[in-house]
Amino acid sequence: MFKKISKGDKDKQHMSLLEKQMYVLRILKSHPDGISKGFLWKEARGKLSRSAYETAVKMATSSRRLQFRNIKQENGRTKSVYLITDKGLDALEKHSS
């Protein structure tokens, strides 16, 4: 009924919620133009489980460290992306020091 956590998943298991949130913010910091929902998950799944990723994104959004925006492209289409805010950059700087 329950999945046994293998030894390789210890990093996923022992990260705090703040650590998970900072991991997502670090990914966003490396993409200043924004990153779509699917690509953000693709980048984060190396270290986070799906539920941990969704919780981290939800918490970062509610604390206004990241925002979900629709951006108009040159070709006229709109693109939905996650962007890191100034508050998110400040939180990353404080956390790393």
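As a reminder, the structure under discussion sits directly above these lines.
Thresholds, definitions, all that
- Residues numbered from 1 in each chain as written.
- Predicted model: local features only at pLDDT ≥ 70, side-chain atom pairs only at ≥ 80, totals over all residues.
- Heavy atoms only, no water.
- Helix = DSSP H or I, 4+ residues; strand = E, 2+ residues; numbered from the N terminus.
- Buried < 20%, exposed > 50% of the residue type's maximum accessible area, 1.4 Å probe, protein only.
- Axes fitted to C-alpha atoms, helices over the stretch in contact; angles between N-to-C directions.
- Parallel < 35°, antiparallel > 145°, perpendicular 65-115°, else oblique.
- Left-handed = near helix turned anticlockwise from the far one by under 90°.
- Contact = heavy atoms within 4.5 Å.
- Core = buried A, V, L, I, M, F, W, Y, C linked by side-chain atoms within 4.5 Å.
- Arc of directions from axis to C-beta.
- Salt bridge = Lys/Arg side-chain N within 4 Å of Asp/Glu carboxyl O.

Asks: What am I meant to see in the environment of serine 16 here?
Replies: Along the polypeptide, serine 16 turns up in the loop between α1 (10–14) and α2 (17–29). Taking relative accessible area as the criterion, serine 16 reaches 36% and is therefore assigned partly exposed. With 36 residues separating them in the primary sequence, serine 16 and alanine 52 have C-alpha atoms 9.8 Å apart.

Asks: How do you make sense of the packing of α2 against helix α5 (residues 86–96) when you look at a structure like this?
Replies: Helix-helix packing: each pair is described by the crossing angle between the helix axes and the interaxial distance. Orientation of α2 relative to α5, taken along the N-to-C sense of each, is 120°, at an axis distance of 10 Å. Taken together, the axes of α2 and α5 lie oblique to each other. Considering how the two elements wind past one another, α2 and α5 form a crossing that is left-handed. For the pair α2 and α5, the contacting residues are Leu18, Glu19, Met22, Leu25, Arg26 and Lys29 in the first and Gly88, Leu89, Ala91, Leu92 and His95 in the second.

Asks: How do you make sense of the nonpolar core when you look at a structure like this?
Replies: Inside soluble globular proteins, nonpolar side chains tend to come together where they are buried. Residues Val24, Leu25, Leu28, Leu40, Leu48, Tyr53 and Leu66 are the most contacted members of the largest nonpolar core, which totals 21 residues. Every element with two or more residues in this core is listed here: α2, α3 (37–44), α4 (50–62), β2 (78–84) and α5. In terms of residue count, the dominant contributor to this core is α2 (6 residues). With residues up to four places along the chain from it excluded, the contact list for leucine 40 reads Val24, Ile27, Leu28, Ile35, Tyr53, Val57 and Tyr82.

Asks: Is there a simple way to explain unusual backbone geometry in this structure?
Replies: Outside of glycine, negative phi angles account for most residues, and trans bonds account for most peptide bonds. Even without glycine at this site, arginine 64 takes up a positive phi of about 60°. Tracing the backbone shows arginine 64 in the loop between α4 and β1 (66–72). Under the relative-accessibility criterion, arginine 64 is labelled exposed at 63%.

Asks: Teacher, can you tell me more about α3 here?
Replies: Three or four residues apart is the spacing at which side chains of an α-helix point the same way, because the helix has 3.6 residues per turn. Leu40, Trp41 and Ala44 are the residues of α3 that are buried. The arc that holds every buried residue of α3, seen down its axis, measures 100°, which confines them to one face. Residues of α3 that are exposed and point over 90 degrees away from its buried face: Phe39 and Lys42. Where α3 is buried, its residues contact α2, α4 and β2.

Asks: When you look at the pattern of salt bridges in this model, what are you seeing that I'm missing?
Replies: When their charged atoms lie close together, side chains carrying opposite charge are able to pair. Within the structure shown, the criterion is met by 1 salt bridge. Taking the shortest distance from any N to any O, the salt bridge between arginine 50 and glutamate 54 comes out at 2.9 Å. One end of the pair is arginine 50 and the other is glutamate 54, both in helix α4 and 4 residues apart, which spans about a single turn. Judged by its relative accessible area of 41%, arginine 50 is partly exposed. Judged by its relative accessible area of 39%, glutamate 54 falls in the partly exposed class.

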